[in-house]
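Here are the chains, one letter per residue:
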Amino acid sequence: MQHSRVIEHNLSVLVAGKLNFTSPGLRMKKPVPEGTAIRTHYHGPSLVSLVVPRNFRLLEELERGEKGIGDGTVSYGMDDGDDIYMRSWTGTIIGPHNTVHEGRIYQLKLFCDKDYPEKPPSVRFHSRVNMTCVNHDSGVVDPRKFSVLGNWQRDYTMEHILTQLKKEMATSHNRKLVQPPEGTHF
């Protein structure tokens, strides 16, 4: 039986200056910076599963958010560059075409507690919006009504949350709901 491998660079991960794992037969898709934990897809005699620490994960998300996402209708970044714990974030969604949200700019606040990404961030619209998954008084996105938060998986990101909220705006039960005046806030 042949073992499948992920391709390209030799794996060698250092954590706190010590060699944590090395395998000359195992390959990675791209280089791994020192101190970064990784999750592999190696199906051999042993399975290696390491987890990316919270701050590395958030730095990765910050870098991706700063580069811009897809068609530019979703973006995010940190509220305060001096926040060393990287907890408070701002997201922006430009409403999808052919809906009552079209062309509207929605601002959101995302808060990544110490348990992120094991647990989802709290998400609250700053801009007033009428959606079935958003509390009409506070702007909080209800995890019981928004499956991305309710069925959170560690590999979900803030980008994923924002793109799924944009898709939610275009669903049949949200696309035609009467909206509050543009520019109003919770």
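Rules and cut-offs
- Residues numbered from 1 in each chain as written.
- Predicted model: local features only at pLDDT ≥ 70, side-chain atom pairs only at ≥ 80, totals over all residues.
- Heavy atoms only, no water.
- UniProt positions renumbered as here; feature names shortened; annotations may be inferred.
- Helix = DSSP H or I, 4+ residues; strand = E, 2+ residues; numbered from the N terminus.
- Buried < 20%, exposed > 50% of the residue type's maximum accessible area, 1.4 Å probe, protein only.
- Contact = heavy atoms within 4.5 Å.
- Areas by Shrake-Rupley, 256 points an atom, 1.4 Å probe, with all protein chains shown as cover.
- Core = buried A, V, L, I, M, F, W, Y, C linked by side-chain atoms within 4.5 Å.
- Pairing = 2+ DSSP bridges.
- Axes fitted to C-alpha atoms, helices over the stretch in contact; angles between N-to-C directions.
- Salt bridge = Lys/Arg side-chain N within 4 Å of Asp/Glu carboxyl O.
- pLDDT = per-residue confidence, 0-100.

As recorded in an unreviewed UniProt entry, the chain goes by UBC core domain-containing protein and comes from Zingiber officinale. Check the Subunit (unreviewed entry) section of the UniProt entry for the chain; it says "Heterodimer with UBC35 or UBC36."

Trainee: Can you walk me through the overall build of the chain in this structure?
Mentor: Along its length, the chain carries 3 helices and 6 strands. Secondary structure elements of the chain occur, N-terminal to C-terminal, as β-β-α-β-β-β-β-α-α. Buried residues in the chain amount to 39% of all 186 residues. Considering only contacts within the chain whose residues lie at least 6 apart along the sequence, 48% involve residues at least 24 apart. For the chain, the exposed area adds up to about 11,100 Å²; of that, 52% sits on carbon and sulfur atoms.

Trainee: Sorry, what's going on with the nonpolar core here?
Mentor: Side chains of nonpolar character tend, in soluble globular proteins, to be buried together. If you look at the biggest cluster of nonpolar residues, it comprises 31 residues, and the most contacted ones within it are W89, F125, V141, I161 and L165. Elements that contribute at least two residues to this core include exactly α1 (54-67), β3 (74-78), β4 (88-94), β5 (105-111), β6 (122-125), α2 (147-150) and α3 (158-169). It is α3 that contributes the most residues to this core, 5 residues altogether. Among all residues touching W89, those that are not within four sequence positions of it are L58, L62, Y76, G77, M78, D79, L108, K109, L110, C112 and M158.

Trainee: Can you walk me through unusual backbone geometry in this structure?
Mentor: Keep in mind that most residues, glycine aside, have a negative phi and that most peptide bonds are trans. Omega for the bond connecting Y116 with P117 falls within 30 degrees of zero, at 5°, which places this linkage in the cis form. Tracing the chain through its elements places P117 in the loop between β5 and β6. The residue M86 is not glycine, and still its phi comes out positive at about 50°. Mapped onto the elements, M86 comes out in the loop between β3 and β4. One non-glycine residue, N98, adopts positive backbone phi at about 60°. Tracing the backbone through its elements, the reader meets N98 in the loop between β4 and β5. For N98, a relative accessible area of 62% gives the class exposed.

Trainee: Any chance you could explain the sheet that holds β6 here in plain terms?
Mentor: Either a parallel or an antiparallel arrangement is found when strands of a sheet pair, and the pairing is made through backbone hydrogen bonds. If you walk across this open sheet you meet the 4 strands as β3-β4-β5-β6, and the pairing is antiparallel. Each edge of the open sheet carries a strand with a single partner, namely β3 and β6. Averaged over all pairs of adjacent strands, the angle between their axes in this sheet comes to 20°, without regard to strand direction. When β5 meets β6, the two strands line up antiparallel, connected through 4 bridges. The partner of K109 across the bridge, within β6, is R124. Lying on the sheet, α1 is in contact with β3 and β4; it crosses β3 at an angle near 130°.

Trainee: Looking at this structure, I do not really get the pattern of salt bridges. What am I missing?
Mentor: Pairing between side chains of opposite charge can happen when their charged atoms approach one another. Scanning the entire structure with this criterion turns up 8 salt bridges. For E61, the salt bridge goes to R57, with nearest N and O atoms at 2.9 Å. With a gap of 4 residues between them, E61 and R57 both fall in helix α1, about one helical turn apart. Considered together, E61 and R57 belong to a single accessibility category, that of buried residues. Note that D142 is salt-bridged to R144, the shortest N-O span being 3.0 Å.

Trainee: What is the right way to look at the confidence of the model for the chain in this model?
Mentor: Interpretation of the predicted coordinates at a detailed level should be avoided for regions scoring low in pLDDT. Per-residue confidence for the chain averages 81 on the pLDDT scale, and 74% of its residues sit at or above 70. Scored below 50 in pLDDT, residues 1-29 makes 58 contacts in the model with residues more than four places away or belonging to other chains. A low-confidence stretch, residues 34-42 stays under pLDDT 50, and its non-local contacts, those more than four residues away or across chains, total 33 contacts.

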